[in-house]
Structure formats: structure tokens, C-alpha cells
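Below, each chain spelled out in residue letters.
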Amino acid sequence: MTLPSYATYAVVPLHLIAGFLFALVPASVYHQAYYAVFGAIVLTLLVTVVVYGYTVWQLQSGFAVLWLQFLLVLLAVAVPFFTVDFGDAWTAIVYLPIMGGSALGCVLVGHALRFMA
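Rules of the game
- Residues numbered from 1 in each chain as written.
- Predicted model: local features only at pLDDT ≥ 70, side-chain atom pairs only at ≥ 80, totals over all residues.
- Heavy atoms only, no water.
- Helix = DSSP H or I, 4+ residues; strand = E, 2+ residues; numbered from the N terminus.
- Buried < 20%, exposed > 50% of the residue type's maximum accessible area, 1.4 Å probe, protein only.
- Contact = heavy atoms within 4.5 Å.
- Patch = residues over 30% accessible without salt bridge, like charges linked within 9 Å, V, L, I, M, F, W, Y side chains within 5 Å.
- Areas by Shrake-Rupley, 256 points an atom, 1.4 Å probe, with all protein chains shown as cover.
- Salt bridge = Lys/Arg side-chain N within 4 Å of Asp/Glu carboxyl O.

Enquirer: Got a minute to help me understand the side chain of Thr8 in this structure?
Expert: As for its placement among the helices and strands, Thr8 is situated in the segment before α1 (11-21). Classification of Thr8 as buried rests on a relative accessible area of 1%. The contacts of Thr8, once residues within four sequence positions are left out, are Tyr52, Thr55, Val56, Leu59, Ser61 and Gln69.

Enquirer: Help me understand a nonpolar patch on the surface, please; the structure alone is not making it clear to me.
Expert: Judged by side-chain polarity, Phe20, Leu68, Leu72, Leu75 and Val79 come together as a nonpolar surface patch covering roughly 400 Å² of accessible area. No other element matches helix α3 (residues 63-83), which puts four residues into the nonpolar patch. Mapped onto the elements, Val79 comes out in helix α3. Judged by relative accessible area, which is 35%, Val79 ranks as partly exposed.

Pasting the structure below:
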């Protein structure tokens, strides 16, 4: 199977989707959907890292492309942060470490796989 050269850019909309999922987090910890939404966010971000690692491994992207994607992911992380009305202050506080950690995880996986190739 051959992947198009822009397949690694799929990491950007996946981070955007995960960022907008934070808008669905209920304000109360006692709400039934609270942990389900956080589980969906974590699952989306794990799938994002796996898909990104696979596409970087298959396409052997250059370091400049990896850093361009990292900057685009940071932009995709910033857009929901400024546009989503968080129902709880705790969700707004937790947003940046979770999304930033995922962006950092993607760039580290991309560089590790690039060095291994």
C-alpha cells in the first residue's frame, strides 16, 4: 500500500477533533459522561500517535516536514483552546498539558522513527 506524501498531515485534524471533544466534557465529575468523554479524548490522541508513527515510518518524512507538522499541530491545539467555552475551570487547566503532551509525543515518535530508519 502506498501512502500519499501528505498522509502525515492527518495528525493535525485528529488533534483538532480531540481539542473540540473537550467542549463535551460535563462540568460535574458525577455526570455519567465525564469519564467517557475523557476516555474518548485519550483514545483519539493515542490513535493519533499510532497513525502518525505509522505514516512517518512508511513515508520517511524529513525533519523539516516533522517540524512543520509540529507547528501545525500546535496551531490546531490553540484553536479549540480559544474558541471552546469550557464548562469547568479544571477542564481548561487540564487541556494544555493533555494536548501539549500529545503534540510532544507525536514529535518525539516522529523523530525516534526517523532516526531508526
